[in-house]
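Observations on chain architecture
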Amino acid sequence: MARPRRSIAASPSPRGRWRDRHGRGMRSSVAGPHLPMLRGRVDLFEMTVASTAEYLRSVWPDELADVRFEIAGIPAAITGSHGVDRWRVLHEERRVILFRLPIERLTRLHRNDELHARMLIESCVFRAVAELLGKDPWDLAPDRFRHF
């Protein structure tokens, strides 16, 4: 015996359009309201670039006042014969573009932890700003690296 077909439009769901599996209520976020938000690689990268750029702006306020720092995933094309660019400096536009994926994935760290990843990102920002200003990266903040 054939079962009668039920029209979906004729009987709307009492639950509405949101998902409530087995009457247990809505799903909450993974972290929950009482835990801090999860930090991923993208968040760490953006936070490190922003804090390093702010530090360099405080040390070199006149030279870096109108410089824009941008983050991109990967470069649009391979421009040099030395491989994939980690950053690009546009002198005329006063822009520094940092490429997140080449910095994170193509550089081998001797220890793969958050501290060393942060140091790698900071060194790339320092080298890009040094290229923009025409200075040596160690000359940008000599007091910061006095202990090395």
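The following refers to the structure shown. Numbering of residues starts from 1 in each chain and follows the order in which that chain's sequence is written. Only residues with pLDDT of at least 70 are given local features in this predicted model, and only at 80 or more are side-chain atom pairs given and counted; all residues enter the totals for whole chains, interfaces and linings. The side-chain values count all of the structure's non-hydrogen atoms but skip hydrogen atoms and water molecules.

Things to note about the side chain of Arg95
As a reminder of what qualifies: Counting from the N terminus, the helices are the DSSP runs of H or I reaching at least four residues and the strands are the DSSP runs of E reaching at least two. When a residue's accessible area, from a 1.4 Å probe over protein chains only, is under 20% of the maximum for its type it is buried; when over 50% it is exposed; and in between it is partly exposed. Whenever a nitrogen or oxygen atom comes within 3.5 Å of another N or O atom, the pair is scored as a polar contact, on the condition that within protein one atom can donate a hydrogen and the other can accept it, and that pairs from neighbouring residues in sequence are kept only if both atoms are in side chains.
If you trace the backbone, Arg95 turns up in strand β3 (residues 95-99). Arg95 gets classed as buried once you look at its relative accessible area, which sits at 17%. Of the polar contacts made by the side chain of Arg95, one reaches the side chain of Glu93; its length is 2.6 Å.

Some details on the nonpolar core
For clarity, the threshold we go by: By nonpolar core we mean a set of buried residues, namely Ala, Val, Leu, Ile, Met, Phe, Trp, Tyr and Cys, connected to one another through side-chain atoms within 4.5 Å. Residues count as neighbours in contact if any of their non-hydrogen atoms are within 4.5 Å of one another.
The biggest cluster of nonpolar side chains holds 25 residues, and the ones touching the most others in it are Leu64, Leu98, Val129 and Leu140. For this core, the secondary structure elements donating two or more residues are α1 (41-59), β2 (87-90), β3 and α3 (114-133). If sequence neighbours within four positions are ignored, Leu98 has contacts with Phe45, Val49, Glu70, Ile71, Ala72, Arg86, Trp87, Ile103, Cys124, Val125 and Ala128.

Digging into the pairing of β2
Going by this rule: Any two strands are treated as partners once DSSP identifies two or more bridges connecting them.
The alternating pattern of β2 places Trp87 and Val89 on a buried face and Arg88 and Leu90 on a face that is not buried. In this sheet, β3 lies alongside β2 in antiparallel orientation, the contact comprising 4 bridges. Paired with Val89 across the strands is Val96, a residue of β3. A loop of 4 residues connects β2 with β3, the two strands running antiparallel in sequence, and Arg94 in this loop sits at a positive phi of about 55 degrees.

Structural notes on the environment of Leu133
Relative to the assigned elements, Leu133 resides in helix α3. For Leu133 and Glu63, which are 70 residues apart along the polypeptide, the C-alpha to C-alpha distance reads 7.6 Å. The residues contacting Leu133, other than those within four sequence positions of it, are Glu63, Leu64 and Leu140.

So, the sheet that holds strand β1 (residues 68-72)
Pairing between the strands of a sheet comes from backbone hydrogen bonds, and it takes one of two forms, parallel or antiparallel. Worth spelling out the cut-off: To get an axis, fit a line to the C-alpha atoms, keeping to the stretch in contact for a helix; angles then go from 0 to 180 degrees between the N-to-C directions.
The strand order across the open sheet formed by 3 strands is β1-β3-β2, and the pairing between neighbours is mixed. This sheet does not close on itself; its edge strands, each paired only once, are β1 and β2. Taken over all neighbouring pairs, the strand axes of this sheet differ in orientation by 15 degrees on average, direction set aside. With 5 bridges joining them, β1 and β3 adopt parallel strand pairing.

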